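Report on the structure
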Amino acid sequence: MKFVLATRNAGKLREMAHILEALGIEVVSPQDLGLDLEVEETGETFAENAMLKARAVCAAARLPAIADDSGLCVDALNGGPGVYSARYGGEGLDDTGRYRLLLNSMKGQTTRAARFDCAIACVFPNGDELTAEGTCPGTIAFAPMGEGGFGYDPIFFVPEKAKTFSQLTEEEKAEISHRGKALEAFAEKLRTYLKK
């Protein structure tokens, strides 16, 4: 069974494919199908943005489409950058620029609590929809650590592992990450749905 993953992010594609292969699902990107879609994320929540992307890609590809929206919510920044995580600091910044900006914004903050949130939406050509969410609590490190991962992973510290997301293996990260938890919940719902 083939599903389109509404993302251009190679890291997300790898992570999702790794988890969904166990269900016998082949994950392809819109680019693999020759689609070039730019879906504007106008939602106020991760769930709304995920659904916008999944509906648009499903309509264009005429295949089941999965989208996720996730981001970093930092207590000291009133929950920011939140839904703006990927656009934090403006379009000119790359991942490194964004996490450096966030670290600068956190200077002098003693409260370092943060969490990664993820919402997954799946839309089928027949109009059926599935959703799932996951959260991973952690803190903001004082400096980047580790080489792996992407996005804010080098500065997102998980106390129970005593490592940042960047220092975890893909398997370790999938076990505890917001996306891993959301995918686990989603996989359960999808298993039930596919049995119908």
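Residues numbered from 1 in each chain as written. Predicted model: local features only at pLDDT ≥ 70, side-chain atom pairs only at ≥ 80, totals over all residues. Heavy atoms only, no water.

Quick notes on the overall build of the protein chain
Along its length, the protein chain carries five helices and eight strands. Computed over C-alpha atoms, the radius of gyration of the protein chain comes to 17 Å, within 12% of the 16 Å expected from 2.2 N^0.38 for 196 residues, which places it in the range of a compact globule. Across its three principal directions, the C-alpha atoms of the protein chain cover 50 × 30 × 25 Å. Across the protein chain, the fraction of contacts at a sequence separation of at least 24, relative to all contacts at a separation of at least 6, is 60%. Accessible surface, the protein chain: about 9800 Å² in total, of which carbon and sulfur atoms supply 50%. Separation between the mean location of the 22 positive side-chain charges and that of the 29 negative ones in the protein chain comes to 1 Å. (Helix = DSSP H or I, 4+ residues; strand = E, 2+ residues; numbered from the N terminus. Rg over C-alpha atoms; globule rule 2.2 N^0.38 Å. Contact = heavy atoms within 4.5 Å. Areas by Shrake-Rupley, 256 points an atom, 1.4 Å probe, with all protein chains shown as cover. Lys, Arg positive; Asp, Glu negative; His and termini not counted. Charge placed at Lys NZ, Arg CZ, Asp CG, Glu CD.)

Focus on the layout of surface pockets
As a volume, the largest pocket reaches approximately 910 Å³. Lining the largest pocket are 35 residues, and of these T7, K12, E41, K53 and A86 lie nearest its centre. Mapped onto the lining of the largest pocket, the elements with two or more residues apiece are α2 (46-61), β3 (65-74), α3 (95-105) and α5 (178-195). Looking at the lining of the largest pocket element by element, the count peaks at five residues for β3. When the residues that make up the lining of the largest pocket are grouped by side-chain class, the tally is 12 nonpolar, nine polar and 14 charged. Counted as a void, the second largest pocket has a volume near 170 Å³. The wall of the second largest pocket is formed by G11, R14, E15, G148, G149, F150, F165, L168, T169, E170 and K173. For the lining of the second largest pocket, the secondary-structure elements that each account for two or more residues are α1 (10-20) and α4 (170-176). (1 Å grid on protein atoms, 1.4 Å probe; cavity = no way out; pocket = protein on both sides within 12 Å on 5 of 7 lines; lining within 4 Å. Points joined across faces, edges and corners; volume = space filled by probe spheres on them. Nonpolar A, V, L, I, M, F, W, Y, C, P; charged D, E, K, R; others polar.)

Concerning α2
Taking 1.5 Å as the rise per residue, α2 with 16 residues should run 22 Å; its terminal C-alpha atoms sit 22 Å apart, in good agreement. For α2, the elements touching its buried residues are β1 (2-5), β3, β5 (113-123) and β6 (129-140). Just beyond α2, the residue with positive phi is R62, at close to 55°. (Expected span 1.5 Å × (residues − 1).)

Some details on the nonpolar core
One finds I66, I120, F186 and L190 to be the most contacted residues of the largest nonpolar core, which totals 19 residues. Where this core is concerned, the elements lending two or more residues are β1, α1, β5, β6 and α5. Looking at which element gives the most residues to this core, the answer is α5, with five residues. Setting aside chain neighbours within four positions, we find I120 in contact with M16, A50, I66, A67, D68, L130, T131, A132, A182, L183 and F186. Residues M106, A114, F116 and C136 belong to the second largest nonpolar core, which totals 18 residues. (Core = buried A, V, L, I, M, F, W, Y, C linked by side-chain atoms within 4.5 Å. Buried < 20%, exposed > 50% of the residue type's maximum accessible area, 1.4 Å probe, protein only.)

Here's the deal with the side chain of K173
Within the secondary structure, K173 is located in helix α4. Apart from residues lying up to four places away in sequence, K173 is in contact with E15, F150, D153, F165 and L168.

Overview of the pairing of β3
Among the 10 residues in β3, 10 count as buried, and that is most of the element. The two faces of β3 match: A65, A67, D69, G71 and C73 on one face and I66, D68, S70, L72 and V74 on the other face are all buried. In terms of strand pairing, β1 meets β3 through two bridges, oriented parallel. Counted as the bridge partner of V4 is A65 from β3. Two strands pair when backbone bridges link them, and β3 and β5 are joined in this way by 10 bridges, in the antiparallel orientation. In the sheet register, L72 faces β5, and the bridge partner there is F116. Bridge count between β3 and strand β4 (residues 80-81): two bridges; the pairing is antiparallel. When the sheet's bridge partners are listed, C73 is paired in β4 with P81. Adjacent in sequence and paired antiparallel, β3 and β4 are bridged by five residues, among which N78 carries a positive phi angle near 55°. (Pairing = 2+ DSSP bridges.)

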